[in-house]
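In case you want the letters, here they are:
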Amino acid sequence: DVVIHTAAIGSVDFAERNREETRKVNAGGTEVVAALCQIVKSRLIYISSNAVFDGRAPFYSETAPVNPINYYGELKVEAENIVRESNIPWAIVRPILLYGWPYPGERDNPVVWWVRSLENGKPIMVVDNVFNKPLPAWSCAEVVWEVIRQNRAGVFHAAGRDHISLYQFALQVAEVFDLDARLITPVPDSYFPEIAPRPRDTSFDTSKMENELGVKPVGVKDGLVRMKSERTVRQ
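Rules and cut-offs
Residues numbered from 1 in each chain as written. Predicted model: local features only at pLDDT ≥ 70, side-chain atom pairs only at ≥ 80, totals over all residues. Heavy atoms only, no water. Axes fitted to C-alpha atoms, helices over the stretch in contact; angles between N-to-C directions. Helix = DSSP H or I, 4+ residues; strand = E, 2+ residues; numbered from the N terminus. Parallel < 35°, antiparallel > 145°, perpendicular 65-115°, else oblique. Left-handed = near helix turned anticlockwise from the far one by under 90°. Contact = heavy atoms within 4.5 Å. Nonpolar A, V, L, I, M, F, W, Y, C, P; charged D, E, K, R; others polar. Patch = residues over 30% accessible without salt bridge, like charges linked within 9 Å, V, L, I, M, F, W, Y side chains within 5 Å. Areas by Shrake-Rupley, 256 points an atom, 1.4 Å probe, with all protein chains shown as cover. Salt bridge = Lys/Arg side-chain N within 4 Å of Asp/Glu carboxyl O. Buried < 20%, exposed > 50% of the residue type's maximum accessible area, 1.4 Å probe, protein only. Core = buried A, V, L, I, M, F, W, Y, C linked by side-chain atoms within 4.5 Å.

1. Digging into the packing of helix α4 (residues 110-119) against helix α6 (residues 166-176)
Following both chains from N to C, one finds α4 and α6 inclined at 55°, their axes separated by 10 Å at the closest point. Viewed along their axes, α4 and α6 adopt a mutual orientation that is oblique. α4 and α6 meet at a crossing whose hand is right-handed. Residues Val111, Trp114, Val115 and Leu118 of α4 touch α6, and the partners they reach there are Leu166, Phe169, Ala170, Val173 and Ala174. Among the residues forming the contact of α4 with α6, the class breakdown is nine nonpolar, no polar and no charged.

2. Describing a nonpolar patch on the surface
Where nonpolar side chains cluster on the molecular surface, the patch consists of Val32, Leu36, Ile39 and Val40 and spans about 400 Å² of accessible area. Tracing the sequence through the fold places Ile39 in helix α2 (residues 19-40). Among the residues examined, Ile39 registers a relative accessible area of 61% and is labelled exposed.

3. Structural notes on the nonpolar core
In terms of nonpolar packing, the biggest core is built from 49 residues, with Val111, Phe169, Phe177 and Leu224 touching the most fellow members. Looking at this core, the elements with two or more residues in it are β2 (43-47), β3 (90-94), α4, β5 (124-127), α5 (137-149), α6 and α8 (220-234). Take this core: its biggest share by element is six residues, from α6. Ignoring anything within four residues of it in the chain, the contact list for Leu224 reads Tyr99, Val111, Phe169, Gln172, Val173, Val176 and Phe177. The next biggest cluster of nonpolar side chains, apart from the first, holds 11 residues, and it includes Val33, Tyr46, Ile88 and Ile92.

This is how it looks when you write it as structure tokens:
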């Protein structure tokens, strides 16, 4: 009935260095999924990214013009267009800075990396001039399920409530997980010699998520407290 297409090469830097391979997966793979959805007559929910924006004009609504500044973002736009032009019912969900406990063998997110580093007494440097509205993975899932349950079509932005820098986010992680914030040093994004450019602030306007889907954005502290409690349950 419904296909939720989450698969992609998710590393921005890998995408920049390995363009042909990444395009085959992120755009070519989406073509295959859309074609198969047409055969079996299913709806398609495509999981896109905040990387479709340049980060110069937050807060982005669903109708804001896309303008990616790295190849990963370009491929997300290409895949979105494949979905839009398909002859099937579709919706596009664009999450931003997802966090939560990954499944075994899956890639980390900033919160997991920060917690692990700080628990091991390892100093970390975190960018203080890049801003986000961090989104718990379970809140993103809630958005996806509401799109499906309400039979919605079109584009939906999914984001948390708080607009903060990555450094401020890391300080909140240290506070909630009872870790030493003195190990965290703020640095500008120019400190890291990255291959692919990153947008400075792609934060979303969540009005559509709230008003049409009925999903309330989750505050950073609330999301982290739940994440901490889920870890305790697992152990």
